[in-house]
Amino acid sequence: MTEPHAIETMLLEERRYPPSEEFASQANARPGIYDEPFEAFWEREGRERLTWFEPFSELYEWKPPYAKWFLGGKLNVCFNCVDRHVEAGNGEKVAFHWEGEAAGELRSISYADLQRDVVRFANALKKLGVRKGTPVAIYMGMVPELPVAMLACTRLGAPHTVIFGGFSADSLSDRANDMECEVLITQDEAWRRGTAVPLKKVADEAMSAAPGIRASVVLRRTGNDVAMHEGRDHWWHELEEGEPDDAASCPCEPMDSEDLLFLMYTSGTTAKPKGIVHTTGGYLCGVATTHNYIFDLKPESDVYWCAADIGWITGHSYIVYGPLCNGATSVLYEGTPDFPDKDRWWEIVERYGVTILYTAPTAIRSHMKWGPEYAQKHDLSSLRLLGSVGEPINPEAWIWYREHIGGDRTPIVDTWWQTETGMVMITPLPGVTTLKPGSATKPFPGVSAGVFDERGNEVGPGGGGYLVLKRPWPAMLRGIFKDPKRYEETYWSKYENVYFAGDGARIDRDEDFWLLGRVDDVMNVSGHRISTIEVESALVDHQDVAEAAVTSRKDATTGEAIVAYVTLKSSAEPSVEKLQELRDHVAKKIGPIAKPANIVFTPELPKTRSGKIMRRLLRDVAENRPLGDTTTLADPTVVNEIQQRAEDEQGADEA
Ligand code: PRX
């Protein structure tokens, strides 16, 4: 958990960036925004920002730990994100400037185009029996048809779960089975760094383990041959052939505020991912409101780019639902930042005149490593605001981002939130907040956060402890799908009626928040949450592994890197090949993002006398730190041996 030196570093960070007069005078957020009572704030945002088929009668209901928002209200997410903009005469406005990974593959999709695409595809889905309540899994890359598929589901009232295209067949089938998905939407292959990623092939493997999926829809993307299962698999273009695309042919289903909108699976402290439940009205209000104030969105003039993947919560909230609800013009990019060269992002910023860029510290650190010359090749003067999300941003990366990308002029919003919170919770408001490199600063208006000590006392300015959220917010998770017990235990058992986020935090004398990373067995690799237990179970699933313990060490680019300590069965020998085999096995079980950077083979793991693996010690070893208290170890010599092996193998097995 919280490293003492991290706290010291932050105490030393004294640079301040007050808002410029110029930004402040045009900002969506006004200084008085924090003074409004939270009910009045959300009541107004709910009424004015969304279009309701039937107005809500009650703002919220809080029966801890269960909240409901905008009770009695009826609305449709697709109507709010698409139809109403067309009806208001903004059909010709660009919703997405899409850019494929291959050079020259560009498409600008207007709101009217988007409506036609969504309606046609929703009509096609109806032929497969998709209707209100039908659970749909989506496994795609960053193509325009991904938001089309999501919006078509919401139009019909069918809840979706999007599974990141880098996940394995097992991860896909686990999620689809948990949600009881009946239909899967995928594509033949996806482009990534010039190679074709075989999504349909993985989907086939997943479907053989997910018998509930009775039909699949396959988008033709690369055009390479893929196997099609007669009667089950349908080509996207064939299925929608002849389907009408006028809005009236497929009206938006009126949904209750509290109807399920989607599940997003995320790692917790056990091997089984949690299906985080997000519902309709509160989620949409939360993401649209935060998107408007935090990104200072001017839909008439801004070109907004969130460079995340739609397969994660950031993409759901801040590529698809928030921006579209606000009528934004966004950039959608299929590929990686270094393809064909390391200036690809900056070329995109220049081409579209991007004004707002939202990305993760791990990406910023990669660009830092490559050097500022790639950014310098392009005109980035259109940028007026930068954002960061996914992990704590170190002050060095913050300053680099501002200087080399933001021309030393743009504010940076460091936004703290989670899959569970649905929307940004702690963040500066550009034009209002004085920025501090490395601090996410203040709770968003209408949000109440605090830092508690072990016993549940507020630590107050200057103190460090656990980050908590003290009252419900519109986009909060409504639970863990089919697992109320786990929901209550994970978030609500540490403190009474207060949400425990699982992050360490410090609060300074100005009452600004500094996030210090996870305090549980969840790792954060390149802004992605991976549980130590999940990787451990993937490792012990391998026939040669007797026991495994997983921890992480700091990494200059990815934030954290996974380190695994593995005891092999006596029938197997440690070798470089074995190491590679184990890494591949983890990639196959979970996905390439979960591959350990290092694997240390050891005859034994350090355990307490009661048999509990001492991960803290392993972490000390992984980070080359002096070992903490070893007195509770059953066999203290074990750890010395591991230390020796770790030193021997360090670097040799680096990814
Ligand atoms: O540890 C925090 C870190 O990411 C976790 C949430 O991960 P996930 O649900 O995958 O969502 C990521 C995108 C919202 C948090 O518990 N985290 C996220 N943003 C920040 C952060 N840590 C510090 N500063 C941030 N801005």
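Residues numbered from 1 in each chain as written. Predicted model: local features only at pLDDT ≥ 70, side-chain atom pairs only at ≥ 80, totals over all residues. Heavy atoms only, no water.

1. Focus on helix H7 (residues 169–179)
Here is step 1 of the chain: Of all 11 residues in H7, eight are buried; the element is thus mostly enclosed.
Here is step 2 of the chain: Three or more residues of H7 are buried, namely Ala169, Ser171, Leu172, Ser173, Arg175, Ala176, Asp178 and Met179.
Here is step 3 of the chain: The first or second residue beyond H7 is Glu180, which carries a positive phi of 60°. (Buried < 20%, exposed > 50% of the residue type's maximum accessible area, 1.4 Å probe, protein only. Helix = DSSP H or I, 4+ residues; strand = E, 2+ residues; numbered from the N terminus.)

2. Thoughts on the pattern of salt bridges
Here is step 1 of the chain: This model, assessed by the stated rule, comprises 58 salt bridges.
Here is step 2 of the chain: Between Lys588 and Glu205 there is a salt bridge, with its nearest N and O atoms 3.6 Å apart. Here Lys588, found in helix H18 (residues 576–589), pairs with Glu205, found in helix H8 (residues 199–208); they are 383 residues apart in sequence, far enough to count as distant.
Here is step 3 of the chain: Of the residues examined, Glu205 reaches a relative accessible area of 42% and is grouped as partly exposed.
Here is step 4 of the chain: Ionic pairing is found between Asp555 and Arg553, a salt bridge with its closest N-O pair at 3.7 Å.
Here is step 5 of the chain: Look at the salt bridges and you will find they share partners, linking Lys554, Arg616, Arg619, Asp620, Glu623 and Arg625 into a network. (Salt bridge = Lys/Arg side-chain N within 4 Å of Asp/Glu carboxyl O.)

3. Here's the deal with the domain arrangement of the protein
Here is step 1 of the chain: Along its sequence, the protein is organised into domain 1 (21–441 + 448–488) and domain 2 (522–654).
Here is step 2 of the chain: Using only C-alpha atoms to locate each centre, domain 1 and domain 2 end up separated by 33 Å.
Here is step 3 of the chain: Here domain 1 and domain 2 share an interface that buries about 1,700 Å² over both sides, 44% of which is from carbon and sulfur atoms.
Here is step 4 of the chain: The interface formed by domain 1 and domain 2 includes three salt bridges.
Here is step 5 of the chain: Taken together, the links from domain 1 to domain 2 amount to 16 residue pairs in polar contact (both at pLDDT 80 or more).
Here is step 6 of the chain: If you list the elements that add at least two residues to the side of domain 1 that touches domain 2, you get H7 and helix H13 (361–370). (Domains from an automatic or database assignment. Buried area = accessible area lost by both parts, 1.4 Å probe. Polar contact = N/O pair within 3.5 Å; in protein donor to acceptor, adjacent residues only side chain to side chain.)

4. Concerning the packing of aromatic side chains
Here is step 1 of the chain: Applying the stated rule across the entire model yields 38 aromatic pairs.
Here is step 2 of the chain: On the numbers, 6.0 Å between centres and 80° between planes, the contact of Trp345 with Trp346 is edge-to-face. No difference in accessibility class separates Trp345 from Trp346, as the two residues are buried.
Here is step 3 of the chain: Among the aromatic side chains, those forming a connected cluster through ring pairs are Trp62, Tyr66, Trp473, Tyr487, Tyr491, Trp492 and Tyr499.
Here is step 4 of the chain: We note Arg175 situated over the ring of Phe167; from NZ or CZ to the ring centre the distance is 4.5 Å.
Here is step 5 of the chain: Over the ring of Trp235 we find Arg220, and its NZ or CZ is 4.4 Å from the ring centre. (Phe/Tyr/Trp six-rings, centres within 6.5 Å; stacked < 30°, edge-to-face > 60°. Lys NZ or Arg CZ within 6 Å of the ring centre and 35° of its normal.)

5. Comments concerning unusual backbone geometry
Here is step 1 of the chain: In this model, Pro64 is joined to Pro65 through a cis peptide bond whose omega is -5°.
Here is step 2 of the chain: By the element assignment, Pro65 lies in the loop between strand S1 (58–63) and strand S2 (66–71).
Here is step 3 of the chain: A cis geometry characterises the amide bond from Phe339 onward to Pro340, with omega recorded as -5°.
Here is step 4 of the chain: Looking at where Pro340 falls in the secondary structure, it is placed in the loop between strand S17 (329–333) and helix H12 (344–352).
Here is step 5 of the chain: Backbone geometry places Phe70, a non-glycine residue, at a positive phi of 55°.

6. Describing the state of the cysteines
Here is step 1 of the chain: Tallied over the entire structure, the rule returns zero disulfides.
Here is step 2 of the chain: Left without a disulfide partner, Cys153 is nearest to the cysteine sulfur of Cys181, which lies 9.5 Å away.
Here is step 3 of the chain: With no disulfide of its own, Cys285 lies 8.5 Å from the sulfur of Cys325, the closest cysteine sulfur.
Here is step 4 of the chain: For Cys285, a relative accessible area of 0% translates into the label buried. (Disulfide = S-S within 2.5 Å.)

7. Digging into helix H5 (residues 111–127)
Here is step 1 of the chain: Across its 17 residues, H5 extends 25 Å between first and last C-alpha, which sits within 8% of the 24 Å expected from 1.5 Å per residue.
Here is step 2 of the chain: Those residues of H5 not exposed but buried are Tyr111, Ala112, Leu114, Gln115, Val118, Val119, Phe121, Ala122, Asn123, Ala124 and Leu125.
Here is step 3 of the chain: Two residues or fewer after H5 comes Gly129, characterised by a positive phi angle close to 85°. (Expected span 1.5 Å × (residues − 1).)

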